[in-house]
Amino acid sequence: MKNSKLVSLVLIFSIILMGVGYAYWNDSLSLTSEVSTGNFEVRLGICQSSYGDYDNYPINSDPHYDTDYVNGTDDSNGTHSYNGDYIPVDHSSDDILLIANKEIIFQLSNVYPGSGGWFNFFISNEGTIPAKLKNINKSVNLGSHLENSFIYKIGNIRLIRNNGTESSSNTITLSPDPKVYYTLDSFVAGLEDILDDYVLLPGDIVQVNNSSQATSISKMFDIYLDTNTTDYINNYETENQNFEFELDFVFTQWNDNGQ
Amino acid sequence: MKKSRFLALMLVAAVMLMGAGYAYWTDNLYVTTTVNTGELDLYFDNTVTESAISWNDDNNDVAYGTITYEEITADEPNSTATVTFNNIYPGATADLTLDIINDSTIPVRFESLGFTNNTTLSGITITKELIIGEVTYDLDNLDVSSIPNIPAGSDLQLKIYVSFAGASIDSEDSTTSFTFNPQFTQFNK
């Protein structure tokens, strides 16, 4: 009997407690958290490319190069069949390609001592977070014995803030004067040295070119077969050769935009 | 026990570092540059043999010639031609044209002719002419600077004409020769 009383009391007490529980007001708050990640995207673009005889060999004033004269059809030896200022380096129509804004392929053919080619390009930060050059990896795919037979040149490099609309207030000159390198390694190191000090904010553009295109060897990413280190007559090492190198620009995020 | 703790700590640290390494985003841009160089290459056409020598009609194989070609290096085959006219006699004439193939991909100019008459013999005349395009130049009276640049791929010819007109006893059983060792260079040097 005592047991049944005890059970009854426990039940009653439990029900009372339940009632107390229901008696309190309650409320709830809901926090929905959404994280959208940034976009890390740097891209390449091409402005211009060309090629030519860097000795400024003026075909129009050359009394010796006249195909009409050679062929015996021009007795006067006074007219010339070439209108260009230089005898051009042969090139195909696809001498420069931009692939998916990630890769530039630049091709020159029939290069001889005293000639070369160049191109201008830009790097833009199309992402939403700052980017910074970490390093440039060089690889020579063909003709590694020739890599120091060429002259390499870096012209003017400018960092343009605010979505690349150039003005005096938003342009930083990273490399004002043309820099000439006589080895591929020094060229890569020089390019790296210029570019790796600066953070590209979203919308920034690094313009790798020269505002003046008037003179030779004053362009941008420039490669030129050296006449000083190459024997004109008997150095067969540089004749009929293929030389190919790849530069891998590695960009990484940069969380500190204080530049 | 201490070792296992130390190892565990190392593992934890390593995993943390891995995490830090992967945490940064990267992006790559590539610039690939290909340069194919041209060529300056002239050499004798070695298919021109003794049969190319045109003798006087009544020669009847009395006078005869030999032509050999040699390389200076493996890169420069047929860069030397040696032509010999043997058993020449008064009244004999020989006419030979050697072809110089120009495989150059850039214009070429003569830097020097390298022409010398090593010996002469009384009564024997050797005429040497250089043919570029439609123009013929007399090698005996040629200023190298007057030779125009040779367009890429345009072949040359060296014409040799031998005539023994005299009957000098001094010319019996003797030898005369000349050498022609031109140096070519690229047009813009």
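For the structure, see preceding data.
Cut-offs used in this document
- Residues numbered from 1 in each chain as written.
- Chains lettered and ligands numbered in written order.
- Predicted model: local features only at pLDDT ≥ 70, side-chain atom pairs only at ≥ 80, totals over all residues.
- Heavy atoms only, no water.
- Helix = DSSP H or I, 4+ residues; strand = E, 2+ residues; numbered from the N terminus.
- Buried < 20%, exposed > 50% of the residue type's maximum accessible area, 1.4 Å probe, protein only.
- Contact = heavy atoms within 4.5 Å.
- Areas by Shrake-Rupley, 256 points an atom, 1.4 Å probe, with all protein chains shown as cover.
- Expected span 1.5 Å × (residues − 1).
- Arc of directions from axis to C-beta.
- Buried area = accessible area lost by both parts, 1.4 Å probe.
- Salt bridge = Lys/Arg side-chain N within 4 Å of Asp/Glu carboxyl O.
- Polar contact = N/O pair within 3.5 Å; in protein donor to acceptor, adjacent residues only side chain to side chain.
- Pairing = 2+ DSSP bridges.
- 1 Å grid on protein atoms, 1.4 Å probe; cavity = no way out; pocket = protein on both sides within 12 Å on 5 of 7 lines; lining within 4 Å.
- Points joined across faces, edges and corners; volume = space filled by probe spheres on them.
- Nonpolar A, V, L, I, M, F, W, Y, C, P; charged D, E, K, R; others polar.
- Axes fitted to C-alpha atoms, helices over the stretch in contact; angles between N-to-C directions.
- Phe/Tyr/Trp six-rings, centres within 6.5 Å; stacked < 30°, edge-to-face > 60°.
- Lys NZ or Arg CZ within 6 Å of the ring centre and 35° of its normal.

A.B. asks: Where do I start with the overall build of chain B in this structure?
C.D. replies: When helices and strands are tallied, chain B shows 1 helix and 13 strands. When the helices and strands of chain B are listed from N to C terminus, the series reads α-β-β-β-β-β-β-β-β-β-β-β-β-β. Buried residues in chain B amount to 39% of all 189 residues. For chain B, the proportion of contacts with a sequence separation of at least 24, taken over those separated by at least 6, is 76%. Here chain B has roughly 10,400 Å² of accessible surface; of this, 53% comes from carbon and sulfur atoms.

A.B. asks: In this structure, what is going on with helix H3 (residues 184-195) of chain A? I would like to understand it.
C.D. replies: Because each turn of an α-helix spans 3.6 residues, side chains separated by three or four positions end up pointing in the same direction. All names here are of chain A. In this model H3 runs 17 Å from its N-terminal to its C-terminal C-alpha over 12 residues, within 8% of the 16 Å that 1.5 Å per residue would give. Of the positions making up H3, those classed as buried are Leu184, Phe187, Val188, Gly190, Leu191, Ile194 and Leu195. Buried positions in H3, seen along its axis, are confined to an arc of 160° and lie on one side of it.

A.B. asks: Which parts of the structure should I look at to understand the interface of chain A and chain B?
C.D. replies: For interface size, the figure often reported is the accessible area lost on association. Counting from both sides, the interface comprises 61 residues of chain A and, opposite them, 43 residues of chain B. Both sides together, the interface formed by chain A and chain B hides about 4,700 Å², and carbon and sulfur atoms give 55% of it. Applying the counting rule to chain A against chain B returns 1 salt bridge. Between chain A and chain B we count 29 residue pairs in polar contact (both at pLDDT 80 or more) in total. If one sorts the elements of the side of chain A that touches chain B by residue count, strand E13 (residues 242-253) of chain A sits on top with 12 residues. Here E13 of chain A pairs with strand E1 (residues 26-37) of chain B via 11 bridges, running antiparallel.

A.B. asks: I'm lost on the layout of surface pockets in this one. Help?
C.D. replies: Where empty space is left in the structure can be found by rolling a water-sized probe over the atoms. All names here are of chain B. One number sums up the size of the largest pocket: a volume of about 1,300 Å³. Lining the largest pocket are 50 residues, and of these Ala81, Thr82, Phe178, Thr179 and Phe180 sit closest to its centre. Elements with a contribution of two residues or more to the lining of the largest pocket: strand E2 (42-44), strand E5 (80-86), strand E6 (93-102), strand E9 (124-132), strand E11 (156-164), strand E12 (177-180) and strand E13 (183-186). In terms of residue count, E5 provides more of the lining of the largest pocket than any other element does, 7 residues in total. Of the residues belonging to the lining of the largest pocket, the class tally is 28 nonpolar, 18 polar and 4 charged.

A.B. asks: How should the side chain of asparagine 78 of chain B be read in this particular structure?
C.D. replies: Residues and elements named next belong to chain B. If you trace the backbone, asparagine 78 turns up in the loop between strand E4 (64-70) and E5. Using a relative accessible area of 16% as the deciding quantity, one classes asparagine 78 as buried. Once you skip the residues sitting within four places of it in the chain, asparagine 78 turns out to touch Tyr43, Phe44, Asn46, Tyr69, Glu70 and Glu71.

A.B. asks: Before we go on, may I ask you to explain unusual backbone geometry in this structure?
C.D. replies: In terms of backbone geometry, most residues other than glycine have negative phi values and most peptide bonds are trans. Residue and element names in this part refer to chain B. The phi angle at asparagine 60 is positive, at roughly 50°, despite the residue not being glycine. Counting through the fold element by element, asparagine 60 comes out in the loop between strand E3 (54-55) and E4. By relative accessible area, asparagine 60 is classed as exposed at 66%.

A.B. asks: Before we go on, may I ask you to explain the pattern of salt bridges in this structure?
C.D. replies: A side chain of one charge can pair with a side chain of the opposite charge if their charged atoms are brought near each other. Overall, the coordinates contain 7 salt bridges over all chains when judged by the stated rule. Of the charged contacts, one joins lysine 102 of chain A and aspartate 27 of chain B as a salt bridge, the two residues approaching to 2.5 Å between their closest N and O atoms. With lysine 102 of chain A in the loop between strand E2 (96-99) and strand E3 (103-111) and aspartate 27 of chain B in strand E1, this residue pair bridges two chains. By relative accessible area, which is 13% here, aspartate 27 of chain B ends up buried. With its nearest N and O atoms 3.2 Å apart, the salt bridge here joins glutamate 147 of chain A to lysine 138 of chain A. Among the ionic contacts, a cluster of salt bridges with common partners joins Glu41, Arg43 and Lys102 of chain A together with Asp27 of chain B.

A.B. asks: Can you walk me through the sheet that holds E2 of chain A in this structure?
C.D. replies: Consider a sheet: its strands pair through backbone hydrogen bonds, and that pairing is either parallel or antiparallel. Spatial strand order, E2(A)-E3(A)-E1(B)-E13(A)-E5(A)-E10(A): 6 strands in an open sheet with mixed pairing. At either end of the open sheet lies a strand with only one pairing partner, and these are E2 and strand E10 (199-200) of chain A. Alignment of strand E5 (residues 131-142) of chain A against E13 of chain A, held across 10 bridges, turns out to be antiparallel. Among the inter-strand pairings, lysine 132 of chain A is bridged to a residue of E13 of chain A, identified as threonine 252 of chain A. Lying over the sheet, H3 of chain A contacts E5 and E13 of chain A, oriented at roughly 165° with respect to E5 of chain A.

A.B. asks: Just checking my understanding: could you explain the packing of aromatic side chains for this structure?
C.D. replies: Given two aromatic rings, one states the distance between the centres and the angle between the planes to describe the pair. Counted by the stated rule, this structure contains 11 aromatic pairs over all chains. Both rings, one in phenylalanine 106 of chain A and one in phenylalanine 119 of chain A, keep their centres 4.8 Å apart while their planes meet at 55°; by these two values the pair is tilted. Here the residue phenylalanine 106 of chain A occupies a position in strand E3, and phenylalanine 119 of chain A occupies one in strand E4 (residues 115-125), the gap between them amounting to 13 residues. By relative accessible area, phenylalanine 119 of chain A is classed as buried at 0%. Ring pairs connect the aromatic residues Phe150, Tyr152, Tyr181, Phe187, Phe243 and Phe245 of chain A, which therefore count as one cluster. It is lysine 132 of chain A that lies over the ring of tryptophan 254 of chain A; its NZ or CZ is 5.0 Å from the centre. Lying across the ring of phenylalanine 178 of chain B, lysine 128 of chain B places its NZ or CZ 5.0 Å from the centre.

Scope: geometric values only; no functional claims are made or implied.
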